[in-house]
Amino acid sequence: DFEDTGSGDEAVDLARRHLIQPWPTAGAIGAEARGLIGEGDGIYITDGKGRRLIDGPAGMWCINVGHRREELARAMYDQAMQLSYNTPWYTMNEPSAMLAQRLAAHAPGDLSHVFYTTGGSTAVETALRFMQFYNNARGQPEKKLILSRGGAYHGSTYLSASLNGRPRDRDWMDGADGLVVKLTAPNPFRRPAGMSVEAFCDFLVDEFRDAVRGIGAEKIGAFIAEPVQASGGVIVPPENYLKRVRELCRANDLLFISDEVVTAFGRLGHVFASGDVFGIEPDMITFAKGVTSGYFPLGGLMVSERLLEDLRRSNHPDAMFAHGLTYSSHPVGCAVALKNLDLLEGGILDHARKIAPYFQARLKTLEELPLVGEVRGMGLMACVECVADRESNDPLQLDRQVGSRIDAHCHELGLLVRPLINMCVMSPPLIITKDEIDDMVTILREGI
Ligand code: PLP
């Protein structure tokens, strides 16, 4: 039908004939052309009809320094003209080494080394394979299970996707289920009725402790968590939850993997949030997205010196971490990441920290609307959760399209929203001003 009718726009018609986009449904696979975006500038994008929209989700939580940054375009051009690629197997390049040093300086604790990947899923996959290798080399091949949580999103490769906690991400897909144990989502809004947030935190920590005791620490390799769950609906965990679970990991010799694919590079006001915001020192941190502000597909894994030291001293010094990507340490990606870091350190991190309270306070006013059950968030990430009624906080299960309907209405009014079933996620470019936040909230209010 799509091919016969034609949309009047060549790119849309070509997409319908030849492009498969992420998360398609079986009935529309290969013919589902979504809103065409033609241009970006600062916090704005322009759609195929020439309408200017505020980029509410900053692309996919990634355009941190904003669209159309000439400095970043120039950094990519200059690097491509100097050295567009080199094999990372037996050569190296300058930008990847310089970036690794600067990331290590920002990372908490003794996270001193970086393994570069092509994005977030490959960063998480690398962390999990590293954990497997670490325990094999240490002579503990039984220690491989991974603890993850409801509501989590960690990626779309086989093992990273197996960690995902939202049922709809997994309903029609297979996964490495035998390797993963899921714990309760640390979502205070959905805590049992009558339970205080403090008691809910105790419940989560007890559940963690019981799971480790029940399974046996000798069978569990790692716990992975986003400091603030992003795609799960901007879930800010109860205070001290991460610190307490981090201690349990240390006590039981489980690696704590902090998935900072969204929360790093200024989204919470700092280069990394684990240490500077939550006061924890993970064993590994995964990152992607904001590291290049989305201008180039790059991600990575930071690993603590302690783990490397354990490997150097293990009984198997010949054991090989047989893991590498053609585009690991990509010079163009690392060059643009260096320039992006210059921009963040040169004022954008400060701005993000200063503007965040205003962003959160203005969005919070939407709780006046009867459809809104809660507005929550941290830094420059927030979620407006709609409910059928505010007594029961029924998440409007019957109307699974409510987020998309709000998005469609906001689109007409000049704002792109990230709809998540009954939720709307807002995570604009970090350069957003007070006036632009006012515009964003006015449109979102109207849209809801
Ligand atoms: N981890 C988290 C917390 C994410 O939000 C995402 C993507 O949204 C990923 C991992 C996967 O990253 P990518 O899509 O770059 O593979």
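Bear in mind the structure is a predicted one, so any value in this text is a computation, not a measurement.

Student: Would you take a moment to explain the overall build of the protein for this structure?
Tutor: Per the secondary structure count, the protein includes 15 helices and 15 strands. For 448 residues, the compact-globule estimate of 2.2 N^0.38 gives 22 Å, and the C-alpha radius of gyration of the protein, at 22 Å, lies within 12% of that figure. The C-alpha extent of the protein, read off along each of the three principal axes, is 65 × 60 × 45 Å. In the protein, buried positions account for 46% of the 448 residues. Long-range contacts, defined as pairs at least 24 residues apart, comprise 71% of the intrachain contacts of the protein with a sequence gap of at least 6.

Student: Would you mind showing me how to read the packing of helix α13 (residues 331–364) against helix α15 (residues 434–447) here?
Tutor: Helix-helix packing is described using two parameters, namely the angle between the two axes and the distance between the axes. At a minimum axis separation of 10 Å, α13 and α15 run at an interaxial angle of 20 degrees. Our classification of the angle between α13 and α15 gives roughly parallel. Helix-helix and strand crossings are classified by hand; for α13 and α15 the assignment is right-handed. In contact with Ile355, Tyr358, Phe359, Arg362 and Leu363 of α13, α15 contributes Lys434, Ile437, Asp438 and Val441. Grouping the amino acids of the contact of α13 with α15 by side-chain chemistry returns six nonpolar, no polar and three charged.

Student: What is the right way to look at the domain arrangement of the protein in this model?
Tutor: When the parts of a complex come together, some accessible area is lost, and that lost area is often used as the size of the interface. The domain architecture assigned to the protein consists of domain 1 (2–68 + 349–447) and domain 2 (71–342). One C-alpha centre belongs to domain 1, the other to domain 2; they are set 26 Å apart. At the level of elements, α3 (58–61), α13, β11 (372–378), β12 (381–386) and β15 (423–426) are the ones that each hand at least two residues to the side of domain 1 that touches domain 2. Looking at the side of domain 1 that touches domain 2 residue by residue, the classes come out as 16 nonpolar, five polar and four charged.

Student: Quick question: what am I supposed to make of the packing of helix α14 (residues 402–413) against α15 here?
Tutor: Direction vectors running N to C along α14 and α15 enclose 130 degrees, while the axes themselves pass 8 Å from each other. On the basis of the axis angle, α14 is oblique to α15. In this structure, the crossing between α14 and α15 has a hand that is right-handed. In this structure, α14 contributes Ile406, His409, Cys410 and Leu413 to the contact, and α15 contributes Ile443, Leu444, Glu446 and Gly447. Tallied by class, residues from the contact of α14 with α15 come to five nonpolar, two polar and one charged.

Student: Can you walk me through the site of the ligand in this structure?
Tutor: Close to the ligand lie 16 residues; Gly119, Gly120, Ser121, Gly155 and Val261 are nearest. With three residues, the single largest contributor to the shell around the ligand is helix α6 (residues 120–137). Across the shell around the ligand, the residue classes break down as six nonpolar, eight polar and two charged.

Student: It is not clear to me how the environment of Gly40 should be interpreted in this structure. Could you clarify?
Tutor: Summarising the element assignment, Gly40 is placed in strand β1 (residues 37–41). Residue Gly40 is classed as partly exposed on the basis of its C-beta count, with 19 C-beta atoms lying within 10 Å. Along the chain, Gly40 and Asn64 lie 24 residues apart, while their C-alpha atoms are 13 Å from each other. Once you skip the residues sitting within four places of it in the chain, Gly40 turns out to touch Ile45, Asp55, His67 and Arg68.

Student: Help me understand the pairing of strand β4 (residues 111–117) in this model?
Tutor: For a regular strand, side-chain orientation follows a simple rule: the groups alternate between the two sheet faces. Taking burial as the measure, the seven residues of β4 include five buried ones, the bulk of the element. Where β4 meets strand β10 (residues 299–304), six bridges bridge the pair, whose relative direction is antiparallel. Within β10, the residue paired with His113 across the bridge is Val303.

Student: Which parts of the structure should I look at to understand the environment of Leu396?
Tutor: Inspection of the secondary structure puts Leu396 in the loop between β12 and α14. By the C-beta count within 10 Å, which is 20 here, Leu396 ends up buried. Taking the C-alpha atoms as reference, Leu396 lies 8.7 Å from Ile421; in sequence the two are 25 residues apart. The contact partners of Leu396, leaving out residues within four places of it in the chain, are Cys386, Val387, Ala388, Val402 and Asn422.

Student: For this particular structure, what's the right way to read the sheet that holds strand β3 (residues 52–55)?
Tutor: Sheet architecture is open: four strands sit in the order β1-β2-β3-β13, paired in mixed fashion. Looking along the sheet, the strands with just one partner apiece sit at the ends: β1 and β13 (415–416). Sheet topology places strand β2 (residues 44–47) next to β3; three bridges connect them, and they run antiparallel. Note that in β3 the partner of Thr46 across the bridge is Arg52.

Student: Which parts of the structure should I look at to understand the sheet that holds strand β14 (residues 418–420)?
Tutor: Two strands in a sheet stick together by hydrogen bonds in their backbones, pointing the same way (parallel) or opposite ways (antiparallel). Sheet architecture is open: four strands sit in the order β11-β12-β15-β14, paired in antiparallel fashion. The open sheet has two free edges, formed respectively by β11 and β14, since each of these has just one partner strand. Each adjacent strand pair in this sheet contributes to an overall mean axis angle of 20 degrees, direction not counted. Pairing between β14 and β15: three bridges, direction antiparallel. If you follow Pro419 over to β15, its bridge partner there is Cys424.

Definitions and limits used
Residues numbered from 1 in each chain as written. Predicted model: local features only at pLDDT ≥ 70, side-chain atom pairs only at ≥ 80, totals over all residues. Helix = DSSP H or I, 4+ residues; strand = E, 2+ residues; numbered from the N terminus. Rg over C-alpha atoms; globule rule 2.2 N^0.38 Å. Buried ≥ 20, exposed ≤ 12 C-beta atoms within 10 Å, placed from the backbone. Contact = placed C-beta atoms within 7 Å. Axes fitted to C-alpha atoms, helices over the stretch in contact; angles between N-to-C directions. Parallel < 35°, antiparallel > 145°, perpendicular 65-115°, else oblique. Left-handed = near helix turned anticlockwise from the far one by under 90°. Nonpolar A, V, L, I, M, F, W, Y, C, P; charged D, E, K, R; others polar. Domains from an automatic or database assignment. Near = placed C-beta within 6 Å. Pairing = 2+ DSSP bridges.

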